[in-house]
Amino acid sequence: MALDPKFIGRTYPPTAPYEVGREKIREFADAIGDANPVYRDPEAAAKYGHPDVIAPVTFPIVISLGAAEQIVMDPELGLDYSRVVHADQRFSYARPVRAGDRLVAVVTVENIKTMAGNDIITTRADIATVDGEHVVTARSTLAARGTGDTDTKTGEN
């Protein structure tokens, strides 16, 4: 069954605050194989004008995944997560994520469409400090394979 486009524009409550720690940043940088010293050494980060170590540009996935879970697990939406593949991820920054940030994410369904019998859902997670300073926007596109309404004889939606 195809996802209902009435969910476009639905916004979910903010996540619990996530405290960004130096060790979490280092672990993430290690996991992606990036040895950049600004992810590990406060002095190296300071040379580039940062008050503390900063996180790799894809680090906000850690925060946005928790927010997106609200959409994925929404029983009213009816998304079959066993059929989902991650199709696209983009980040738009106001400033880098840095150690000591306490971040929350508010996630919104930006679009739902059906293509070739697959449901495509695009979400936006606005990530800000607990004080309201916008840090980054994470956009994600998920494809639920074979869940869109398709006429099996013609292949048309």
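Residues numbered from 1 in each chain as written. Predicted model: local features only at pLDDT ≥ 70, side-chain atom pairs only at ≥ 80, totals over all residues. Heavy atoms only, no water.

**Q** Help me get a handle on helix H3 (residues 61-72), residues and values and all.
**A** Within the span of H3, buried status applies to Ile61, Ile63, Ser64, Ala67, Ala68, Ile71 and Val72. Looking at the buried side of H3, the elements it contacts are strand S1 (18-19), helix H1 (22-32), strand S2 (84-93), strand S3 (102-115), strand S4 (118-129) and strand S5 (134-144). (Buried < 20%, exposed > 50% of the residue type's maximum accessible area, 1.4 Å probe, protein only. Helix = DSSP H or I, 4+ residues; strand = E, 2+ residues; numbered from the N terminus. Contact = heavy atoms within 4.5 Å.)

**Q** How would you explain the packing of aromatic side chains if you had to name every residue and give the values?
**A** For any pair of aromatic rings, geometry is given as the distance between the ring centres together with the angle between the planes. One pass over the full model with this rule turns up two aromatic pairs. Look at Phe28 and Phe59: their rings are 5.3 Å apart centre to centre, the planes differ by 75 degrees, and that puts the pair in the edge-to-face class. Separated by 31 residues along the polypeptide, Phe28 in helix H1 and Phe59 in the loop between helix H2 (42-47) and H3 bring together distant segments of the chain. The same class applies to Phe28 and to Phe59, which are both buried. One aromatic cluster in this structure is built from Tyr18, Phe28 and Phe59. (Phe/Tyr/Trp six-rings, centres within 6.5 Å; stacked < 30°, edge-to-face > 60°.)

**Q** Quick one: what's the story with unusual backbone geometry, residue by residue and with numbers?
**A** It is generally the case that most residues other than glycine have a negative phi and that most peptide bonds are trans. Notably, Ala116 is not glycine yet its phi reads approximately 50 degrees, a positive angle. Residue position: Ala116 is located in the loop between S3 and S4. For Ala116, a relative accessible area of 70% gives the class exposed.

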